[in-house]
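Survey of secondary and tertiary structure
One letter stands for each residue in the lines below.
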There are 2 protein chains.
Amino acid sequence: MTTPAAHTIESARSASAATLAELFAPIAEALGRVESRLQTELRAGDGRLATEEVDRVVRHGYRLGGKRLRPALVLLSARAAGEACDDHVLLGVVVEMIHTATLVHDDVLDEATLRRHVQTVNARWGNETSVLLGDFLFSKAFYLASTLPTVDACRVIGASTERVCLGELRQTLSEGDLELDEEDYLAIVEAKTAELCACCCSLGARYAGASTEAIDALTAFGRDLGVAFQIADDLLDLTGEEAATGKTVGADLAKRKMTLPLIHARRELVDGPRLAFDELLRKGDGASRSEALRIAEETGGLAYAQEQAEAYAARAAERLEVLAEGPDREALAMVAQFSSRRRA
Amino acid sequence: MTTPAAHTIESARSASAATLAELFAPIAEALGRVESRLQTELRAGDGRLATEEVDRVVRHGYRLGGKRLRPALVLLSARAAGEACDDHVLLGVVVEMIHTATLVHDDVLDEATLRRHVQTVNARWGNETSVLLGDFLFSKAFYLASTLPTVDACRVIGASTERVCLGELRQTLSEGDLELDEEDYLAIVEAKTAELCACCCSLGARYAGASTEAIDALTAFGRDLGVAFQIADDLLDLTGEEAATGKTVGADLAKRKMTLPLIHARRELVDGPRLAFDELLRKGDGASRSEALRIAEETGGLAYAQEQAEAYAARAAERLEVLAEGPDREALAMVAQFSSRRRA
């Protein structure tokens with residue numbers, strides 16, 4: 001699958017957050033219920049454990065929330081394969097909590113200080129509190145999943161989360177490994193990011209009583225969308241500005257984490273230029289970032305990564321062709337496209 | 001409830017690890033199956049994610065294991081209330097993984113370097129890997145729980161784990177708060193430690209088809225045992241030696257974490273001695289530890305904490321009186337007593 005050459009990075013950047021809000025308009029009411037439920041659940045409760053400070057930390061888990069992409073995937077998948085019901089609202093809450101838990105723990109790992117223009121938990125309270133808040137969010141999510149009438153959600157979520165963690169472990173243990181190739185990179189991305197997106201779409205379809213064919217199609221859709229999303233995210237970490245993205249940028253390079261534009265740039269280079277590039281990657285400071293960005297641009301690394309993101313988004317859309325045509329199917333395809341072109 | 005004065009700290013120290021092995025003799029075969037299953041499950045699997053290094057980290061989660069107290073509580077509770085079956089072996093695996101996950105994350109929080117004579121994950125691979133290994137263990141445990149025929153296990157485990165995290169959060173946010181009183185301390189201990197012990201006993205009874213009365217009694221037993229265990233653990237952190245306990249000691253004081261012997265010592269002191277004691281607690285270095293230990297001994301703080309641990313153990317045993325007499329009920333009562341007198 002190839003992407004039209006006209007999709008250069010600049011044109012790809014034309015998609016905006018407003019577009020996503022428009023795509024979510026048909027599910028706005030249900031997303032509103034996800035928000036309310038998140039607010040209700042993210043409280044410290046009563047008794048001697050529930051000091052104001054504990055409550056403040058727990059509620060911060062809610063403030064970190066962003067686009068609510070994952071609950072939207074649950075709801076749109078349900079509608080594209082049948083009908084969305086109360087279970088889907090609860091599932092939306094569950095997947096958003098799990099996503100937030102991974103973000104909070106990622107921020108410990110990345111030593112990030114900003115996330116969606118909000119101070120990260122580790123920057124405000126320290127790593128200890130971040131680890132515990134993440135664990136709390138995981139536990140709460142698993143508990144809520146267990147209140148559903150069937151054990152399916154617990155199984156799908158448990159298996160997916162396990163895979164997410166393996167992907168993250170593989171990535172962390174590969175930091176500094178400049179030889180990491182595209183296949184390894186994709187295996188990591190499929191696990192650490194795409195798995196949870198696949199899980200959202202799978203659950204949406206399952207709890208709408210969809211056919212096995214529809215569940216499989218939506219699961220594959222979610223996986224491709226997730227890869228598109230992560231490639232675009234990695235591009236942003238290299239090319240973005242904190243003011244626009246609302247989060248710490250340059251974290252990948254600082255941690256010597258190889259991402260697709262860098263992997264492509266590196267394989268285009270030989271001899272001296274390759275050695276010089278490796279030297280830059282090993283340094284990983286602010287000055288190296290702008291130089292690495294220049295080289296990634298010159299060698300076609302940025303364009304290659306952007307093309308790959310869009311190719312995954314296009315394949316995601318193709319996966320939906322077994323479903324009946326309609327506005328929800330269309331919205332999912334657009335969300336995939338958006339994910340490959342996002343700016344924040 | 002009071003404890004005979006004859007139970008001084010010295011006599012309490014006579015219980016040994018060999019005793020625990022004896023108590024577990026009737027369930028040795030089942031515990032062996034828990035071990036095998038843990039070894040099978042704690043592998044990185046196949047594919048590009050499963051590098052040798054990833055596998056080594058995941059298997060380390062198994063090596064950190066110790067007494068297997070929690071699987072034993074599941075199995076003995078099942079037998080005391082009915083019969084142990086395959087589900088209990090799986091539940092033993094699940095609770096041990098959750099326990100190990102909390103240990104791995106605790107070691108990040110405590111910056112501990114030794115755990116059961118084995119290097120902690122954070123000391124060997126760093127905090128990032130520790131956070132991820134803990135998350136992997138949590139996820140794997142939840143997934144395994146979801147493979148049981150009913151959703152009960154997921155519900156009980158999800159709710160308990162959530163409470164464990166709240167207790168840990170409350171504790172972390174109270175570090176340096178010298179005013180923390182005995183009630184606050186007990187609320188924290190009940191959540192962070194006793195909740196999972198209660199969960200083990202509850203699951204053992206539930207999956208043995210026990211009556212509500214028996215489930216409630218065993219749950220209350222587990223909770224009291226857990227409090228006894230944690231008070232004894234906190235005593236060890238103050239009084240123990242690394243060579244004997246096989247783990248980093250003095251961590252509580254170093255983190256300005258108030259434990260029962262210190263809380264008691266502090267309330268016995270007034271004016272100058274209180275101010276001097278507070279000064280010591282704020283310092284929290286190695287020299288302060290031996291001085292704080294001396295004061296905790298002189299003011300009766302050590303004896304008070306030991307008495308409380310044994311009182312909780314005695315109350316735990318009383319909870320079992322609604323169950324039919326027998327060797328398993330007896331073994332549980334002995335495990336509670338052991339927990340209040342442990343040396344490692």
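Computed from a predicted model, the values in this text were never measured in an experiment.

With an RMSD of 0.0 Å, the fit of chain A onto chain B corresponds to turning through 180° and sliding 0.0 Å along the axis. This pairing of chains is accounted for by a two-fold axis. When C-alpha distances to the rotation axis are compared across chain A, the minimum falls at valine 151 of chain A, with a value of 2.9 Å. Most of the interface of chain A is mirrored in chain B, where 98% of its interface residues again form contacts.

Bringing helix H3 (residues 28-41) of chain B into the picture now. Residues and elements named next belong to chain B. Helix length check: H3, at 14 residues, gives a terminal C-alpha distance of 20 Å against a target of 20 Å (1.5 Å per residue), a fit within 8%. Buried residues of H3: Ala30, Leu31, Val34, Leu38 and Glu41, and no others. Seen end-on, H3 carries its buried residues on one side only, within an arc spanning 100°. Across from the buried face of H3, at angles greater than 90 degrees, the exposed residues are Glu29 and Thr40.

Here we come to empty space enclosed by the protein. Residue and element names in this part refer to chain B. Summed over the entire model, instances satisfying the criterion amount to 10 cavities of 30 Å³ or more. Quantified by volume, the largest cavity comes out at close to 100 Å³. Around the largest cavity, the lining is made up of 13 residues, and of these Gln171, Leu180, Ile188, Lys257 and Met258 lie nearest the centre. Ranked by residues supplied to the lining of the largest cavity, first place goes to helix H10 (residues 182-206) with 4 residues.

How big an interface is tends to be stated in terms of accessible area lost as the parts join. The interface of chain A with chain B comprises 51 residues on the first partner and 50 residues on the second. When chain A packs against chain B, the two sides together hide about 4700 Å² of surface, and 70% of this comes from carbon and sulfur. Where chain A packs against chain B, one counts 10 salt bridges. Aspartate 181 of chain A is the partner of arginine 48 of chain B in a salt bridge, and the nearest nitrogen-oxygen pair spans 3.6 Å. Between the two partners, chain A and chain B, sit 14 residue pairs in polar contact (both at pLDDT 80 or more). Contributions of two or more residues to the side of chain A that touches chain B are made by helix H4 (52-63), helix H6 (86-110), helix H8 (127-146), helix H9 (152-173) and helix H10 (182-206) of chain A. For the side of chain A that touches chain B, the element with the most residues is H9 of chain A, which contributes 15 residues.

Once that is clear, we can look at the packing of aromatic side chains. Applying the stated criterion across every chain, the model contains 1 aromatic pair over all chains. Above the plane of the ring of tyrosine 312 of chain A lies arginine 315 of chain A, whose end atom (NZ or CZ) is 4.7 Å from the centre.

Cut-offs and rules
Residues numbered from 1 in each chain as written. Chains lettered and ligands numbered in written order. Predicted model: local features only at pLDDT ≥ 70, side-chain atom pairs only at ≥ 80, totals over all residues. Heavy atoms only, no water. Least-squares fit on C-alpha atoms with pLDDT ≥ 70 in both. Contact = heavy atoms within 4.5 Å. Helix = DSSP H or I, 4+ residues; strand = E, 2+ residues; numbered from the N terminus. Expected span 1.5 Å × (residues − 1). Buried < 20%, exposed > 50% of the residue type's maximum accessible area, 1.4 Å probe, protein only. Arc of directions from axis to C-beta. 1 Å grid on protein atoms, 1.4 Å probe; cavity = no way out; pocket = protein on both sides within 12 Å on 5 of 7 lines; lining within 4 Å. Points joined across faces, edges and corners; volume = space filled by probe spheres on them. Buried area = accessible area lost by both parts, 1.4 Å probe. Salt bridge = Lys/Arg side-chain N within 4 Å of Asp/Glu carboxyl O. Polar contact = N/O pair within 3.5 Å; in protein donor to acceptor, adjacent residues only side chain to side chain. Phe/Tyr/Trp six-rings, centres within 6.5 Å; stacked < 30°, edge-to-face > 60°. Lys NZ or Arg CZ within 6 Å of the ring centre and 35° of its normal.

In short, geometric facts, not functional conclusions.
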